[in-house]
Structures are given as C-alpha cells and as structure tokens.
Amino acid sequence: MSSNGKNEKYVGRPVKRTEDPRLIQGLGHYVDDIRLAGELYVAFLRSPYAHARINSINTDAARNASGVVAIFTGSDIEGRVGNVPTAAALEGLKVPKYPVLALGKVFFVGQPVAAVVATSRYAARDAVDHIEVDFEPLDVVVDAEAAAQGGPVIHHDFGDNIAYVHRAGIGDVDAAFASADKIVAQKMHHQRLAPISLEPRGVLASFLPGEQQLTLWTSTQIPHLLRTQVAIMIGLPENKVRVIAPEVGGGFGSKLNVYAEEALLSFISMQLHKPVKWIETRRENMSATIHGRAQSGVAELALKNDGTILGLRYTVTADLGAYHQLLTPAIPTLTGLMLSGCYKIPAISMVCTGVFTNKMATDAYRGAGRPEATYVVERLMDIAAQELGIDPVELRRKNFPTPDEFPFATATGLFYDSGNYQAALDRALAMVDYDKLREIQKSDTAAGRLVGIGVSTYVEICALGPSAAMPAGGWESATVRIEPTGKVTVMTGASPHGQGQETSFAQITADMLGVDLNDVYVIHGDTGIVQYGIGTFGSRATAVGGTAVVYATEKLISKATKIAAHLLTTDEENVTFENGVFSGAPDDKQVTIQQVALAAHLASNLPPDTEPGLSATYFFEPKNFTFPFGAHICIVEVDRDTGDIRIKRYVAVDDCGKVINPLLVEGQVHGGIAQGLGQALFEEVVYDENGQLITGTLMDYAVPKAHQLPRYELDRTETPTDVNPLGVKGVGEAGTIGSTPAIVNAVIDALRPFGVKHIDMPLRPEKIWRVISNQ
C-alpha cells in the first residue's frame, strides 16, 4: 500500500517524471551551469583538412594574445596523455593510435590540433585565429566501398584501408540459395547520420594539487567507465578521479564514448592547477562528435514460391571513419546478430568489411546496428512479397516463429527470450483496419493518387547484457539505503539522461518498501557517491539496472525482517511484510519499515551479530539479452507534382515486456519514431570529394521539424521476459528501429505504379519527384 492510503501500486501507473519540474523551470544543472572560482576556458584549433601533414605549428602570436594563459599542441603532450581508447575486440582488428591532439598528420575535418586556454571563452576563441599551421594536403579517402578496393592509404602502418573483415551467421547458406525458387537481391545504403543531442558535449575539469584529486564534470552516459579510462590516459590513480555527469541534455549513444577533450582538459587542469572548461559548439558537434549508421551492402533473400524463407546473405561495407572511438568496430557486428529479424531463417551469412575513411568516427547511435539490420530484412520482405505476389503482411506472418517456439534460436547465434509477434501485428492491423485500407488504396490509385501502406515488424536486442558478450562488463549495480528518518536513497550504477529512471526506480522501490514515491531519492552519475556501474545505453537501464534495484531492495528487506522479528520478540519465520509494515505472529504486533530503519541506526536493540544501519548493495549479472518487438504501420501520400511525402497515419504497437511507467514508454517511442523518420526522409551527413563536411550546421543538416511529424497512434502488447524478475525488456530504441522501414516501405508502395523497387534514404522530395518525372 502506498502511503497515500490506497492499495494501488506505483508500478504500472503513468506517474509523471519526478525529474521534470527542475528541467521545466530551468533549474537543472548542465555542465556550463557549473561555475568554479578561477575558471579558465578552452577553445580548439581544429583541422580544416580531411587529410594533411602538419609541417609546423607557430603559436607565438596566439600566446601573446589578450587573456591567453597557455597553449598546448600534440608535441607538448606527447607521451603525457594516452591515446583515445577503443573497447571493441575483433579478430584481426587494426587499431590506429588516436592522439588527443594531432601529431604529425590530421585525418578528418574537425580533428583537434591545438588547445588554447584563456580567461574567457571569447579570448580563447580569438586566440585560435592567431595560430599558424603549415598543412600539406594529402590524398583524401571518402568513399568507403572504393577505399576497400584500394587507392590512397590513410594509416600507412596498415598497408590498406581495411580495418577488419567480420563474418557471422550459421547454417548452409549456399545450399539454401541453391534450392531456392526465388532469390531477391537489393543493394541498400544506410546514410551517415549525426545524433544531434539537444545539448552538445561539455567538460569541466578541476584538479586539487594538494589532495592530488581530479573532479571531472562531463556530459557522458558512462561515468564510471569514463573514470577508469581517463585515469589511465592521464596517469592518475583511479580512486583520485571523480566523474560527475550532471544533466546531459540527450545522448542517443553519442555520449557513450571517451573523447579526446575529456582527457585533455583533465591534463590541462593538472598542469595549471586551475579549473578549465570547454563547451562544444554545434559546428564542433557536427564534425567531431561521433556519427552513426554509414553502412552499404547487397542483401539477398532465398525463398520458396510459397514464401517460406530459406536463407539470407548480406555483404556490407561499414564506413568507420578515420579512427576508432569506444565501440566503432563493434556496431556493424550488432547488425549481423539481428539479421534474422522476426523470422525463422535457417541459414544466414554476413560478411562485413570495416573501412577507414577521412571522416569522423562512426559509433553507437540510437539503435546501434539494429536499425540497419531491421531495415535490410524489412525491405527484403517487401521486395520479396511484391515479386512473389504475396501480401507483405502474409509473408511476414508465414515466417514468424510461434509463441510456443520460444526461447527461439536464430541462425546468428542468439536466443530470443520470449515473443508473440502475431499478437503485435494483429493489433496494429486491427487499428488501421488493414483489409479495408487496402481497398481504399485501390480506389485512390485508380483516381490517380499515390497512397502507400508500409508495414514493419521488428525485434531488437536490449538489456545489454551478459558480461561475456560485452567489452567492459554487462552487469549493473544498485545500493538501497533507508535513512534514520525513514527516507529512502537509491544509488544506481546506471546513468539515465532522459529515460526517466529517477521516476521508474523510485516506483519500483516505493512499491517494494511500501513507502511514498516522494520519499525515494534516486542518485546517479556521480562516481564519488555511487558504487561502480556500467552506464546507460542499449535500453539496459531498467532491465539490468532496475533489476539490481529489485535485488538490493530484497536484501534490505531481508535484513529489516531480522531486525523487525527482534523488535517484535518473535522468530523471523513468523514475520510478514506488506505495505511497509512488519507483522509478527502469534499476537500480530506491528512495526513499520521506518521504525525498523531508526532502530537499525540507533543500534541499541539489535539482534546479535547484526551490523547497524539499513542498506544493501547488489550487482546484477543478466543471463541473456532481452528481445523486445513490435509492428509499425505507416500510411503516406506522395504529391505527384512536388514529390512531397505526407504521413497520413502512423500506428505503432510495441512490446517491451512488463511496463513500469506507461508515460515513459510512450515518450521513448515518440522520440524514437521521430529519429527514425528523420533518417527515412531528411537526415544525412554529407562530405564532399575533398572530405569537407558540407552539412556542418543545422542550416544544412535537415532535422525534422514538429509540423513534419505525424500524430502517433500507439498501443502495446505485453510479453514478459524471464531474464529478469521485473519481466521488462527495454524500449529506448524501439521507435527508431521500427519506423524507418515502415516509412520507406510505405513510400515505395505508393510509387509501385512507376515500377519502383527501391530508393535509398533519405527520401527527400526532389529524389521522389525525379523518380515520378523520370528525370
């Protein structure tokens, strides 16, 4: 029972986010809101060339500029600050050394070359213009597929531009294709995307020379992992480094990294004994924060004439950029893992060639490999349906595993935990009245209107994940403590930054302890307070971090039960706990959890051999990933005269297992669909043939605007997982994964009168108009 006197539990209710009032009122603290006495400011000279030799750097004029305190170049810090790390490990992986400031050469536009420290950010920025660099331009590698075949070599130590060749899949693919009645093939391109978090990155480093302690405020998704890596890079004991992630302002995977600026500012503060701050500009964000996607390949599907899938083959080139960030090489491997999609595909083969180019690194961006895989599979399903003359819904349904086939083993080596793909699809079809919708479409087509219906059924891998499958641990931690006054503190190793776990973790804990939601305070993102954790990415925070909260709370209740039994002068087995109250048989005396907490801290009347205090810590190691799924349906109309695409309806039925807070789930789906729509219709990072970034501002990079987004019609099915006691699976990336193929399938369906089979994203109006006009 909640302390409001009602028996209604918090879990499952649409509770408004407890973190929202401070954000709505402008009372949250981002990195730039934190001000320290004597703060200095850093600005970077970044490379204007995609590939060039640095013959010389002259900083004399800049050093004499007003307000300048210090200038650092690559040669100044060589051997004193470690290289930017990568955690990915693949067989045969080539890992170039990635200095925090360029040494001898630059490899992409935006690479840091020199850092100016000044008394104001304006003085620092002005002084950058006085640095003279003699750049000698070199041949540029922009096209990843061409780079894989030869041409200029970026990192000469390696001899070519191929970083790795990764093979994945199970089954006899050659036999599957040899026995097929129908083979469909399509080359597909996943354009390079910029994550565009609301707030760019920011770093504030403060070193105390007496204590030899460094405090680093930074907008990161992984504060503990970052602490470990930065400590190694700057040569400071890890227990002397404190990382704090304040309000992050969105991440989408782009802040799941260890960046050069974080280590460099730490080093500068150690040298100057002053706090130093850098706040990324949007132009820097576009050029020097990771990008996403950037995969191109040929996908093939082998089928029988009745639509039964026999095998899938995917040969893909991944544009990695010039260097590896933390997970750069690993992202395409996630694409390979998810190539089975929602379907029974007996044989799957993927060959991925990772290639260096003179661009910023690609890394995890919302979905991270799963949107790419889902897009490939779902486009193939629509192409196959068209060539076989089968309705795309029926082709999907024919190849679904049934609910009683779970756990379901895929030909990529995964075991899907639970699923009922039929139920989610049926719900979505009912919402749009699919059969009637197809009849209306026939009438519209006869009248000359270009109306299309796109279906996407997806499954994704979440709750990353078992440590054996992760580069830096897949467990998560939680500490739950009841203070002497009865208030509850939860410390989570997850690091939410918009997902709402300050609220959902409080809901879980409040229900288990029978206390009021507002009596639970969730702390995260501070390595000086919170026990070591892994962080927030891959829709893992609730499924893994929330489970750690559950088990920590259970441990706490177990200790509290022992103390309560002592206070009630009965045996533990006679004590029950419900709605925050311990009751003891046989005389049914009672004591509240708050009274037990006070007794635990006063410690004057405790059972023998019982430690004072009332807290518990748990580190949860999951036995498997979780696999949420869903069905999205999009209806579009294309303007014949302009190529403009109008989304008439968008229906999404997602299944993320048990739902802790429906409001949080809907918010995640809303944002995810918006980003998937952005990839489908508008967004693309573009470099020219010289490696110049020509979409370097939001005037050039087309993020969808509010009026371009449809009204979302959302529903859910609920298929719990047995991977964790909450039954939750994760929902942070569902909208992004399901939406992109649904939208593209709808547009291609609308263009069927023109014999269109496929168009690569983004489907901008000009591109569509040229198809219609046969230009």
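Model, not experiment: these values are computed from the prediction.

Right, let's talk about the sheet that holds strand β25 (residues 615-620) for a bit. Sheet strands associate in pairs through backbone hydrogen bonding, adopting either a parallel or an antiparallel arrangement. Strand order in the open sheet formed by four strands is β21-β20-β19-β25, and the pairing between neighbours is mixed. Edge positions in the open sheet fall to β21 (520-523) and β25, since each of these has one partner strand only. Across this sheet, the average inter-strand angle for adjacent strands is 15°, counted without regard to direction. The strands touched by helix α16 (residues 541-567) are β19 (476-482), β20 (488-492) and β25; relative to β25, the strand with the most contacts, the crossing angle is about 145°.

Moving on, we get to the environment of Gly727. For Gly727, the position within the fold is in the loop between β28 (712-716) and α19 (734-750). Its relative accessible area of 4% is what places Gly727 among the buried residues. A C-alpha to C-alpha distance of 9.0 Å links Gly727 and Cys656, two positions 71 residues apart in sequence. Leave out the neighbours within four places in its chain, and Gly727 touches Gly657, Lys658, Pro720 and Thr721.

All right, on to helix α4 (residues 121-128) then. Inspection of α4 places Ala123, Ala124, Ala127 and Val128 among the buried residues, and these make up the whole buried set. The buried residues of α4 occupy an angular sector of 140° when projected down its axis, which confines them to one face. As for α4, its buried residues are in contact with β1 (40-46), α2 (60-63), β3 (68-73) and β5 (112-118).

The next point concerns the pairing of β21. With four bridges joining them, β20 and β21 adopt parallel strand pairing. The residue bridging Val488 from the neighbouring strand is Val520, located in β21. Handedness of the crossover joining β20 and β21 through helix α15 (residues 501-513) is recorded here as right-handed.

Looking at the assigned domains, one finds that the chain contains domain 1 (20-27 + 475-518 + 534-620), domain 2 (34-138 + 198-250 + 255-288) and domain 3 (369-394 + 403-462 + 624-772). Each of domain 1 and domain 3 has a C-alpha centre, and the two are 40 Å apart. The interface of domain 1 with domain 3 comprises 16 residues on the first partner and 16 residues on the second. Interface of domain 1 and domain 3: buried area, both sides summed, is about 1100 Å²; carbon and sulfur atoms make up 64% of it.

The next point concerns the side chain of Thr228. Residue position: Thr228 is located in helix α7 (residues 223-234). The class of Thr228 is buried, set by a relative accessible area of 18%. Apart from the residues lying within four places of it in its own chain, the contact partners of Thr228 are Glu238 and Tyr532.

Taken across its 13 residues, strand β14 (residues 309-321) has eleven buried, putting it largely inside the fold. Relative to β14, strand β13 (residues 292-303) runs antiparallel, the two being bridged by nine bridges. Looking across to β14, one finds that Gln295 is bridged to Ala318. Turn length for the β13-β14 hairpin, with the two strands adjacent in sequence and antiparallel, is five residues, and the turn residue Gly307 shows positive phi of about 100°. One ladder, built from ten bridges, connects β14 with strand β15 (residues 347-356); its direction is parallel. Residue pairing across strands places Tyr314 opposite Met350, the latter belonging to β15. Note that the unit made of β14, helix α10 (residues 331-337) and β15 has a crossover that is right-handed.

Within the secondary structure layout, Ile748 lies in helix α19. Assessed through its relative accessible area of 4%, Ile748 is described here as buried. Separated by 15 residues in the primary sequence, Ile748 and Leu763 place their C-alpha atoms 9.8 Å from one another. Apart from the residues lying within four places of it in its own chain, the contact partners of Ile748 are Arg379, Val756, Lys757, His758 and Ile759.

The full count for this structure, using the stated rule, is 48 salt bridges. As a salt-bridge pair, Lys442 and Glu439 come within 3.6 Å of each other at their nearest N and O atoms. Residue Lys442 and its partner Glu439 are both found in helix α14 (residues 434-446); the two are separated by three residues, about one turn of the helix. Taking relative accessible area as the criterion, Glu439 reaches 47% and is therefore assigned partly exposed. The residue Glu637 makes a salt bridge to Arg646 at a minimum N-O spacing of 3.5 Å.

A word on the side chain of Glu19. Here Glu19 shows up in the segment before α1 (20-24). A polar contact is formed between the side chain of Glu19 and the side chain of Thr18, at a distance of 3.3 Å. In terms of polar contacts, Glu19 uses its side chain to reach the side chain of Thr503, at 2.6 Å. Leaving out residues up to four positions away in the same chain, Glu19 has contacts with Gly500, Gln501, Glu502 and Thr503.

Below, the discussion takes up the environment of Ala411. As for its position among the elements, Ala411 is in the loop between β16 (408-409) and β17 (415-416). On a C-alpha basis, the gap between Ala411 and Leu337 in space is 8.7 Å, while along the polypeptide they are 74 residues apart. The residues touching Ala411, leaving out its near neighbours within four places in the chain, are Gly169, Ile170, Ile345, Pro346, Ala347 and Ile348.

Moving on, we come to the packing of helix α18 (residues 662-681) against α19. As a packed pair, α18 and α19 sit with axes 7 Å apart at the nearest point and diverge in direction by 40°. Relative to α19, the element α18 lies oblique. At the point where α18 passes α19, the crossing takes the right-handed sense. Facing Val669, Gly672, Ile673, Gln675, Gly676, Leu677, Gln679, Ala680 and Leu681 of α18, the residues of α19 in contact are Gly735, Thr736, Ser739, Thr740, Ile743 and Val744.

What follows deals with α19. The first and last C-alpha atoms of α19 sit 25 Å apart over 17 residues, in line with the 24 Å expected at 1.5 Å per residue. In terms of residue burial, α19 counts as a mostly covered element, since 17 of its 17 residues are buried.

Between Leu464 and the following residue, Gly465, the backbone shows a cis peptide bond with an omega angle of -25°. With an omega of 5°, the peptide bond between Ala585 and Pro586 qualifies as cis. Its location among the elements puts Pro586 in the loop between β23 (581-584) and β24 (589-592). Unlike most non-glycine residues, Gln212 shows phi in positive territory, near 55°.

As summarised here, the arrangement of the four strands in space is β18-β26-β27-β28, forming an open sheet in which the pairing is mixed. At either end of the open sheet lies a strand with only one pairing partner, and these are β18 (450-459) and β28. Each neighbouring strand pair of the sheet contributes to a mean axis angle of 10°, computed without reference to strand direction. Strand direction decides the pairing type here: strand β26 (residues 629-638) and strand β27 (residues 645-655), joined by ten bridges, are antiparallel. Within the sheet, the bridge partner assigned to Ile633 lies in β27 and is Val651. Here α18 sits on the sheet in contact with β26, β27 and β28, set at roughly 130° to β28.

Conventions and cut-offs
Residues numbered from 1 in each chain as written. Predicted model: local features only at pLDDT ≥ 70, side-chain atom pairs only at ≥ 80, totals over all residues. Heavy atoms only, no water. Pairing = 2+ DSSP bridges. Helix = DSSP H or I, 4+ residues; strand = E, 2+ residues; numbered from the N terminus. Axes fitted to C-alpha atoms, helices over the stretch in contact; angles between N-to-C directions. Contact = heavy atoms within 4.5 Å. Buried < 20%, exposed > 50% of the residue type's maximum accessible area, 1.4 Å probe, protein only. Arc of directions from axis to C-beta. Right-handed = clockwise from strand over helix to strand, strands pointing away. Domains from an automatic or database assignment. Buried area = accessible area lost by both parts, 1.4 Å probe. Salt bridge = Lys/Arg side-chain N within 4 Å of Asp/Glu carboxyl O. Polar contact = N/O pair within 3.5 Å; in protein donor to acceptor, adjacent residues only side chain to side chain. Parallel < 35°, antiparallel > 145°, perpendicular 65-115°, else oblique. Left-handed = near helix turned anticlockwise from the far one by under 90°. Expected span 1.5 Å × (residues − 1).

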